[in-house]
Amino acid sequence: RAAIQPTMPPNNPNAFDYQRYLHFQNIHYQSFVKDSSFGVLSSGLGHPLWRVAFQWRDRLLAVLQAHFPGADEYAVASALLVGYKDDLSEDLRTAYAETGSMHALAVSGTHVGLLYAGLLFLLRRIPWSARTRRWGETTLVLVAIWVFTLVTGATASVLRASVMFSTYLVGKAIRRQASIWNVLAASAFCLLAFNPYFLFDAGFQLSYAAVAGMVSFYAQLKKRTPSPPKWATEGWNILLIGVAAQLGTLPLSLYYFHQFPVYFWLAGWVVVLGGAVFLWGGAMLAMLSALAPGLAAWLGWALYGLVWGMNYLIRGIQQLPG
């Protein structure tokens, strides 16, 4: 029992427009309800697909909770592995945001790309026949990518990456090589046809701006910078990719957050390399916890140390002048 009223615009015209934000979430009315004025009529009537996906996510979180006793380490581990950010403390969010590393805690194209690379490495070792290899690999990778998408909550960034990879994989399977710009545009079209309000989502905008930046600037930066020694090639490539992505997102970062993370290039090495190791280690931990708990304990201890080190370095970078 409650009165329903339209959501209210801000009293100060220069304040954050919460009414507009809710409108883009397809929420147009609000109500203030007392404890004694509502009751639960039924539960468990959600879509079965989401129910299964969230059950899997909760199992993965339970595994992480068992091996990560520190609150901050567990929070970062759950964000890195399944994009679950509810347990991140405010100071930890600030540290990652101010060093330009928040993207590492949002499941995005990097995670899907690492998943794709790992699956391809494993599937190449299966003795397929020439006839079944092409479609067999494509089908298994697509299923794995979309299961991962559902388990991580199907946010705008991971949806963009999953649709992009799916478009690329299907094109490759039918022997069509498309321009990356066409793949980017096709994925945006599909997502906006599904939910036009994604267009006003900051995560969606930053996600596409980052990829556009990498496509536009990475090759140019590589061409115009000196070649590093062979042992430093991978680290140098990570740096250039980070610079290209930051150039793509620079206008949006200034507009939304009114700041630029000066040390993104330094933090990038920490979160990209550490995040890649943790993603594969976390997948191994999930499997070993069911098959070999003793080995899982050792691996969990090592991964805990890795995440503790990442947090320590990010906080250190945050304290640098400027």
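Fair warning: this is a prediction, and the values are worked out from it, not measured in the lab.

*Asks:* Would you explain the overall build of the chain in this entry?
*Replies:* A tally of regular secondary structure across the chain gives 12 helices and 2 strands. Counting from the amino terminus, helix and strand elements in the chain follow one another as β-α-β-α-α-α-α-α-α-α-α-α-α-α. Relative to the globule expectation of 20 Å for 322 residues, the C-alpha radius of gyration of the chain, 22 Å, shows essentially globular dimensions. Expressed as lengths along the three principal axes of its C-alpha atoms, the size of the chain is roughly 65 × 45 × 45 Å. Put simply, the chain has 322 residues, and 36% of those count as buried.

*Asks:* What's the story with the side chain of arginine 160 in this structure? I'm lost.
*Replies:* With respect to the helices and strands, arginine 160 occurs in helix α7 (residues 156-173). No salt bridge forms around the buried arginine 160; measuring N to O, its nearest opposite-charge neighbour aspartate 201 is 10 Å away. A distance of 2.7 Å separates a polar atom in the side chain of arginine 160 from a polar atom in the side chain of serine 207. If we skip the residues at most four places from it in the chain, arginine 160 touches Gly109, Ser187, Leu191, Ser207, Tyr208 and Val211.

*Asks:* Honestly, the layout of surface pockets in this entry has me stumped. Any pointers?
*Replies:* To find the voids left in a structure, one rolls a probe of water-molecule size over its atoms. Of the volumes computed, that of the second largest pocket is approximately 790 Å³. Lining the second largest pocket are 24 residues; nearest its centre among them are Leu60, Leu115, Phe148, Ala283 and Ala286. For the lining of the second largest pocket, the element with the most residues is helix α11 (residues 264-291), which contributes 7 residues. When the residues that make up the lining of the second largest pocket are grouped by side-chain class, the tally is 19 nonpolar, 4 polar and 1 charged.

*Asks:* Would you take a moment to explain the pattern of salt bridges for this structure?
*Replies:* For side chains of opposite charge, pairing can occur when their charged atoms come near one another. Scanning the model with the defined rule gives 3 salt bridges in all. For aspartate 72, the salt bridge goes to arginine 315, with nearest N and O atoms at 2.9 Å. With aspartate 72 in helix α3 (residues 71-82) and arginine 315 in helix α12 (residues 293-318), this pair connects stretches of sequence that are 243 residues apart. Shared partners join several salt bridges into a network, and the residues in it are Asp72, Asp91 and Arg315.

*Asks:* In this structure, what is going on with helix α9 (residues 202-224)? I would like to understand it.
*Replies:* Owing to its 3.6 residues per turn, the α-helix aligns residues three or four sequence positions apart on the same side. Counted at 1.5 Å a residue, the expected span for α9 with its 23 residues is 33 Å, and the 31 Å between its end C-alpha atoms agrees. In α9, a bend of some 40° at phenylalanine 217 exceeds every other bend along the element. Every buried residue of α9 is accounted for by Phe204, Gln205, Ser207, Tyr208, Ala209, Ala210, Val211 and Gly213. Where α9 begins, the capping side chain belongs to aspartate 201, and its oxygen is found 2.9 Å from the backbone nitrogen of phenylalanine 204.

*Asks:* Even after reading the chapter, I still don't get the packing of aromatic side chains, so can you show me in this structure?
*Replies:* For any pair of aromatic rings, the description consists of the separation of the ring centres together with the inter-plane angle of the planes. Within this structure, the stated rule accounts for 15 aromatic pairs. Judged by centre distance (5.4 Å) and plane angle (50°), the rings of tyrosine 116 and phenylalanine 165 are tilted. With a gap of 49 residues between them, tyrosine 116 in helix α5 (residues 109-123) and phenylalanine 165 in helix α7 connect regions that are remote in the sequence. Cluster of aromatic residues (ring-pair linked, three or more members): Phe16, Tyr18 and Tyr21. Between arginine 125 and the ring centre of phenylalanine 121, over which it is positioned, the NZ or CZ distance is 3.9 Å.

*Asks:* Just to check I follow, could you spell out the environment of tyrosine 18 for this structure?
*Replies:* As for its position among the elements, tyrosine 18 is in helix α1 (residues 18-24). Tyrosine 18 sits in the partly exposed class, given a relative accessible area of 46%. For tyrosine 18 and methionine 8, which are 10 residues apart along the polypeptide, the C-alpha to C-alpha distance reads 8.1 Å.

*Asks:* I keep staring at the nonpolar core and nothing clicks. Help me out?
*Replies:* One recurring pattern in soluble globular proteins is that nonpolar side chains are buried together. Judged by nonpolar contacts, the single largest core of 34 residues is most densely connected at Leu64, Phe68, Val76, Tyr96 and Phe278. When contributions to this core are tallied by element, the ones reaching two or more residues are α2 (48-67), α3, α4 (90-98), α11 and α12. Per-element tally for this core: the top contributor is α3, with 8 residues. Excluding anything up to four places from it in sequence, tyrosine 96 contacts Val76, Ser101, Met102, Leu105, Val271, Met310, Asn311 and Ile314. Of all hydrophobic cores here, the second largest spans 14 residues; its members include Val107, Leu123, Ile145 and Ala161.

So, how was this worked out
- Per chain, residues are indexed from 1 in the order of the written sequence.
- Only residues with pLDDT of at least 70 are given local features in this predicted model, and only at 80 or more are side-chain atom pairs given and counted; all residues enter the totals for whole chains, interfaces and linings.
- Only heavy atoms go into the side-chain values, all of them from the structure, while hydrogens and water stay out.
- Helix and strand definitions follow DSSP, with helices as H or I runs of at least four residues and strands as E runs of at least two, each counted in order from the N terminus.
- Taken over C-alpha atoms, the radius of gyration is set against a globule rule of 2.2 Å times the number of residues to the power 0.38.
- Accessible area is worked out with a 1.4 Å probe on protein chains only. A residue is then buried under 20% of its type maximum, exposed over 50%, and partly exposed in between.
- Only four residue types enter the tally: Lys and Arg on the positive side, Asp and Glu on the negative side; His and the chain ends are excluded.
- Here, a salt bridge means any side-chain nitrogen of Lys or Arg that lies within 4 Å of a carboxyl oxygen of Asp or Glu.
- Counted as a polar contact is a pair of N or O atoms within 3.5 Å, where, for protein atoms, one must be capable of donating a hydrogen and the other of accepting one, and residues adjacent in sequence contribute only when both atoms are in side chains.
- Residue contacts are counted whenever heavy atoms from the two residues lie within 4.5 Å of one another.
- The distinction between a cavity and a pocket rests on a 1 Å grid over the protein atoms alone: a 1.4 Å probe fits inside a cavity but cannot get out, while a pocket stays open yet meets protein on both sides within 12 Å along at least five of seven lines, and a residue with an atom within 4 Å of a point counts as lining.
- Grid points are joined across faces, edges and corners, and a volume is the space filled by probe spheres set on the points.
- Just so you know the grouping, Ala, Val, Leu, Ile, Met, Phe, Trp, Tyr, Cys and Pro go in nonpolar, Asp, Glu, Lys and Arg go in charged, and all remaining residues, Gly too, go in polar.
- Multiplying 1.5 Å by the helix residue count minus one yields the expected span of that helix.
- A residue's bend is given by the angle between axes fitted to the 7 residues ending at it and the 7 residues starting at it.
- Two rings from Phe, Tyr or Trp (for Trp, the six-membered ring) form a pair when their centres are within 6.5 Å of each other. A pair whose planes differ by under 30 degrees is stacked, one over 60 is edge-to-face, and the rest are tilted.
- The criterion for a charge sitting over a ring is simple: Lys NZ or Arg CZ within 6 Å of the ring centre, and within 35 degrees of the ring normal.
- Throughout, nonpolar core names a set of buried Ala, Val, Leu, Ile, Met, Phe, Trp, Tyr and Cys residues whose side chains join them through atoms within 4.5 Å.

Just distances and angles here, no functional claims.
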